Number of protein chains: 2
Amino acid sequence: MKSEHIPKATIGRLAVYIQVLENLLRDGNEVISSERLARACSVNSSQIRKDLAYFGEFGVRGVGYYVQELITSIKQSLGIDRLWKCALIGVGNMGSALLRHHDFEKRGFKICAAFDCDPDKIGLEFEGMEIVCPTHLKEQAPELNLEIGIIATPPDRAQRAANHLVEANIRGIINFAPSRINVPKHIPVEYVDFFDHLYSIAFQITLGND
Amino acid sequence: MKSEHIPKATIGRLAVYIQVLENLLRDGNEVISSERLARACSVNSSQIRKDLAYFGEFGVRGVGYYVQELITSIKQSLGIDRLWKCALIGVGNMGSALLRHHDFEKRGFKICAAFDCDPDKIGLEFEGMEIVCPTHLKEQAPELNLEIGIIATPPDRAQRAANHLVEANIRGIINFAPSRINVPKHIPVEYVDFFDHLYSIAFQITLGND
């Protein structure tokens, strides 16, 4: 597998393929043609073939793809064929929505600990978890085997949250806070900002008017 | 302006530039060098220069960028120098978090109407808005001048929500539901799925282990 060279755009599309394939499986489809899969994913079929080629040989001529097999292979390749334990920092509006989100565990991720520095929140129970002060992250991370940190603090607290995660030897970070963070190079960081999608829509509408 | 040809990756980075520039302005910075801006945005300075060149001539040699001017120009170019009125369909976990989100209006978007087909939710007041049945979208959209639709329904309801938005002549759609939707080609659609970021982190951690 030459997966080190997989472009980021392919990873993004793989998430779409998994989503579509799992919906297909739920609806009872065991096999799907590459044309139908392409249509369902809103990409062209040569793109799908190219993306999947990074992970091995898939598809049977005249038949198509075996849905379950394809899901399993993509998940294995991405490293999401197991459960990743996550720590959430920031139990505000967005953090609470993430804690209540039902898809996490189904999709290979589990928020196992929730942290917030607000004294009014510390000690409260939320979705069966006690909210803890982030200073305890360092001792809880190895106990609970926490690997991924999710930051959902206000922007001015994001760096402090990142520092706690780094100190706790967390291996990767998703940042929902609208501000950049600095962490050592070996820790991958992903920023989630849905406003870039809103900007993109506004831009496309504006252009369409020209 | 040759903005029709602006690559999607540039749009994504513009959102980051705006975020960083607005934080700089809030902290009292009126001017910033391209090197410092690049560092703050985690990109290299030639990338920033290239991205900004799509929108005109910026930066003064030996001085850098005027922060407010740059924000204004980027927002103008993207069409976000005005307020976009949005309709939300689906007032569940994620939809509620979006309604409570304080950054929308600050960033040029305002959720002006909230729809849900759940009889237990219709008529309830939420963040000063009455939740309305989506069948009323068609009459409310022109009255309220709704332009962008935000779908935050469960996956199996996303297409129905999209149909309501299309019928109401909405001009663009953001889909938070984890399923694809079909709409006429002239309506731009953006999918927001933060699991592709989780997948990407899991993948990078897994690779780092090899």
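All figures in this text were calculated on a predicted structure; none of them were measured in a lab.

How each quantity is defined
- Residues numbered from 1 in each chain as written.
- Chains lettered and ligands numbered in written order.
- Predicted model: local features only at pLDDT ≥ 70, side-chain atom pairs only at ≥ 80, totals over all residues.
- Heavy atoms only, no water.
- Axes fitted to C-alpha atoms, helices over the stretch in contact; angles between N-to-C directions.
- Helix = DSSP H or I, 4+ residues; strand = E, 2+ residues; numbered from the N terminus.
- Parallel < 35°, antiparallel > 145°, perpendicular 65-115°, else oblique.
- Contact = heavy atoms within 4.5 Å.
- Nonpolar A, V, L, I, M, F, W, Y, C, P; charged D, E, K, R; others polar.
- Least-squares fit on C-alpha atoms with pLDDT ≥ 70 in both.
- Disulfide = S-S within 2.5 Å.
- Buried < 20%, exposed > 50% of the residue type's maximum accessible area, 1.4 Å probe, protein only.
- Pairing = 2+ DSSP bridges.
- UniProt positions renumbered as here; feature names shortened; annotations may be inferred.
- Buried area = accessible area lost by both parts, 1.4 Å probe.
- Salt bridge = Lys/Arg side-chain N within 4 Å of Asp/Glu carboxyl O.
- Polar contact = N/O pair within 3.5 Å; in protein donor to acceptor, adjacent residues only side chain to side chain.
- Domains from an automatic or database assignment.

A closer look at the packing of helix H1 (residues 8-26) of chain A against helix H3 (residues 45-53) of chain A
Residue and element names in this part refer to chain A.
Here is step 1 of the chain: Close contact between H1 and H3 brings their axes to 10 Å; oriented N to C, the two are set at 105°. By the angle between their directions, the pair H1 and H3 is classed as roughly perpendicular. Together, Thr10, Arg13, Leu14 and Tyr17 of H1 and Gln47, Ile48, Asp51 and Leu52 of H3 make up the contact between the two elements.
Here is step 2 of the chain: For the contact of H1 with H3, the class distribution of residues is four nonpolar, two polar and two charged.

So, the relation of the copies chain A and chain B
Here is step 1 of the chain: Between chain A and chain B, which share one sequence, the superposing operator has a rotation angle of 180° and an axial displacement of 0.0 Å; the RMSD is 0.0 Å. Both copies of the chain, as the preceding transformation shows, are related through a two-fold rotation axis. Closest to the rotation axis within chain A is the C-alpha of A:Ala97, separated from it by 3.1 Å.
Here is step 2 of the chain: In this assembly the copies share their binding face: 100% of the residues contributing to the interface of chain A also contribute to that of chain B.

Points about the state of the cysteines
Residue and element names in this part refer to chain A.
Here is step 1 of the chain: Taken as a whole, this structure holds zero disulfides over all chains when the rule is applied.
Here is step 2 of the chain: With no disulfide partner, Cys86 has as its closest neighbouring cysteine sulfur the one in Cys112, 7.2 Å distant.
Here is step 3 of the chain: Classification of Cys86 as buried rests on a relative accessible area of 0%.

Let's talk about the sheet that holds strand S7 (residues 148-151) of chain B
Residue and element names in this part refer to chain B.
Here is step 1 of the chain: Read across the sheet, seven strands follow the order S5-S6-S4-S3-S7-S8-S9 without closing on themselves; strand pairing throughout is mixed. Strand pairing shows two members of the sheet lacking a second neighbour, strand S5 (125-126) and strand S9 (189-191), which therefore form its edges.
Here is step 2 of the chain: Its contacts with the sheet place helix H8 (residues 158-167) against strand S3 (84-89), S7 and strand S8 (172-175), and it is angled at close to 165° to S7.

Observations concerning the UniProt feature "domain: CoA-binding" (unreviewed entry) in chain A
Here is step 1 of the chain: UniProt annotation of "domain: CoA-binding" (unreviewed entry) refers to residues 79-180 of chain A when read in the numbering used here.
Here is step 2 of the chain: Taken end to end, residues 79-180 of chain A has its terminal C-alpha atoms 26 Å apart, with 29% of it in helix and 26% in strand.

Quick look at the sheet that holds strand S3 (residues 84-89) of chain A
Residues and elements named next belong to chain A.
Here is step 1 of the chain: The seven strands are arranged S5-S6-S4-S3-S7-S8-S9 in an open sheet whose pairing can be described as mixed. The sheet is open, and its two borders are formed by strand S5 (125-126) and strand S9 (189-191), each paired with just one other strand.
Here is step 2 of the chain: Where strand S4 (residues 109-115) and strand S6 (residues 129-132) come together, two bridges link them in parallel fashion. Looking at S6, one finds that Phe115 is bridged to Val132.

Points about the interface of chain A and chain B
Here is step 1 of the chain: Taken together, the contact pairs 61 residues of chain A with 61 residues of chain B.
Here is step 2 of the chain: Across the chain A/chain B interface, buried area totals approximately 5,800 Å², and carbon plus sulfur atoms make up 67% of it.
Here is step 3 of the chain: On the chain A side of the contact with chain B, A:Arg180, A:Tyr199 and A:Phe203 bury the most area, a combined 13% of that side's loss.
Here is step 4 of the chain: Residue A:Arg107 is joined to B:Asp193 by a salt bridge in which the shortest nitrogen-to-oxygen separation is 3.0 Å.
Here is step 5 of the chain: Applying the counting criterion to the chain A and chain B interface returns 22 residue pairs in polar contact (both at pLDDT 80 or more).
Here is step 6 of the chain: Among the elements of the structure, H1, helix H2 (34-41), helix H4 (67-78), helix H5 (93-100), helix H6 (103-106), strand S8 (172-175), S9 and helix H9 (195-209) of chain A are those that each provide at least two residues to the side of chain A that touches chain B.

Notes on the domain arrangement of chain A
Here is step 1 of the chain: Segmentation of chain A into domains returns domain 1 (3-77) and domain 2 (84-195).
Here is step 2 of the chain: On a C-alpha basis, the centroid separation for the pair domain 1 of chain A and domain 2 of chain A is 31 Å.

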